[in-house]
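The chain contents come next:
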Amino acid sequence: AREALAQEKDARAVRATERGEAKTVYEACEAAKRARVATETELAASLEAVVGLTPEPEIAASLRDVAEAKREMAEVDAGLADALRAASADLAAVDAAEATESDKVA
């Protein structure tokens, strides 16, 4: 019985470490996505400004399309960043539940 408890304790420690590592990766990826959202949004705004200065309709239309694509990319990245934040929060909740469970067992 002691050996089983020790194995379970070790397994919990390994899972906690893995969750911590995953949380760190999720948070870094979220930060990168948020930065990309800002960049893509700025690029879209800049392209729209250039559209207003472009006398050639075909070029202006192409620039407008690129600006729209940049806005869409920003929306997708914002959604991914939100999902990464939620996943990180889920891991934190599991850590809290595990800690509570460990306190009960100890």
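For the structure, check the block above.
Residues numbered from 1 in each chain as written. Predicted model: local features only at pLDDT ≥ 70, side-chain atom pairs only at ≥ 80, totals over all residues. Heavy atoms only, no water.

Colleague: What's the story with the overall build of the protein in this structure? I'm lost.
Modeller: Within the protein one finds two helices and zero strands. Judged by the C-alpha coordinates and their principal axes, the protein covers about 80 × 15 × 15 Å. Within the span of the protein, comprising 106 residues, buried residues form 17% of the whole. Long-range contacts, defined here as pairs at least 24 residues apart, represent 74% of the contacts in the protein between residues at least 6 apart. In the structure as shown, the protein presents an accessible area of about 7300 Å², 61% of it carried by carbon and sulfur atoms. A gap of 6 Å separates the mean positions of the 14 positive and 23 negative side-chain charges of the protein. (Helix = DSSP H or I, 4+ residues; strand = E, 2+ residues; numbered from the N terminus. Buried < 20%, exposed > 50% of the residue type's maximum accessible area, 1.4 Å probe, protein only. Contact = heavy atoms within 4.5 Å. Areas by Shrake-Rupley, 256 points an atom, 1.4 Å probe, with all protein chains shown as cover. Lys, Arg positive; Asp, Glu negative; His and termini not counted. Charge placed at Lys NZ, Arg CZ, Asp CG, Glu CD.)

Colleague: How should I be thinking about the nonpolar core in this particular structure?
Modeller: Here is a general trend for soluble globular proteins: nonpolar side chains tend to be buried in one another's company. Counting residues in each nonpolar core, the largest one holds five residues, listed as Leu47, Val51, Ala60, Leu63 and Ala67. Here the element with the most residues in this core is helix H2 (residues 57–105); it accounts for three residues. If near-sequence neighbours (up to four positions away) are discounted, alanine 67 is found in contact with Ala44, Leu47 and Glu48. (Core = buried A, V, L, I, M, F, W, Y, C linked by side-chain atoms within 4.5 Å.)

Colleague: Any chance you could explain the side chain of threonine 54 here in plain terms?
Modeller: For threonine 54, the location among the structural elements is in the loop between helix H1 (2–53) and H2. A polar side-chain atom of threonine 54 sits 2.7 Å from the main-chain carbonyl oxygen of valine 50. (Polar contact = N/O pair within 3.5 Å; in protein donor to acceptor, adjacent residues only side chain to side chain.)

Colleague: I tried to follow the side chain of glutamate 40 on my own but got confused; where do I start?
Modeller: Note that glutamate 40 resides in helix H1. Within polar-contact distance, the side chain of glutamate 40 engages the side chain of lysine 70 at 3.3 Å. Glutamate 40 has contacts with Lys70, Met73 and Ala74, leaving out every residue within four places of it along the chain.

Colleague: Just to check I follow, could you spell out the environment of aspartate 77 for this structure?
Modeller: Summarising the element assignment, aspartate 77 is placed in helix H2. Separated by 29 residues in the primary sequence, aspartate 77 and glutamate 48 have C-alpha atoms spaced 20 Å apart. With sequence-adjacent residues up to four places away left out, aspartate 77 is seen in contact with Lys33, Arg36 and Val37.

Colleague: How do you make sense of H1 when you look at a structure like this?
Modeller: Turn by turn, an α-helix covers 3.6 residues, leaving residues three or four places apart pointing in a common direction. Between its first and last C-alpha, H1 extends 76 Å over 52 residues, near the 76 Å set by a 1.5 Å rise per residue. If you check which residues of H1 are buried, you get Arg12, Arg19, Glu30, Val37, Glu40, Ala44, Leu47 and Val51. (Expected span 1.5 Å × (residues − 1).)

Colleague: Teacher, can you tell me more about the environment of alanine 38 here?
Modeller: For alanine 38, the position within the fold is in helix H1. Classification of alanine 38 as partly exposed rests on a relative accessible area of 38%. Taking C-alpha positions, alanine 38 is 18 Å from tyrosine 26, a pair spaced twelve residues apart along the chain.

Colleague: What is the right way to look at the pattern of salt bridges in this model?
Modeller: Two side chains bearing opposite charge may form a pair once their charged atoms approach each other closely. If you walk through the whole model with that rule in mind, you get 14 salt bridges. Between glutamate 30 and arginine 85 there is a salt bridge; the shortest N-O distance is 2.8 Å. Note that glutamate 30 is positioned in helix H1 and arginine 85 in helix H2, a separation of 55 residues in sequence. Aspartate 77 is the partner of lysine 33 in a salt bridge, and the nearest nitrogen-oxygen pair spans 3.2 Å. Taken together, the residues lysine 33 in helix H1 and aspartate 77 in helix H2 connect sequence positions 44 residues apart. Its relative accessible area of 23% is what places lysine 33 among the partly exposed residues. Taken together, the shared-partner salt bridges connect Lys33, Arg36, Glu40, Lys70 and Asp77 into one network. (Salt bridge = Lys/Arg side-chain N within 4 Å of Asp/Glu carboxyl O.)

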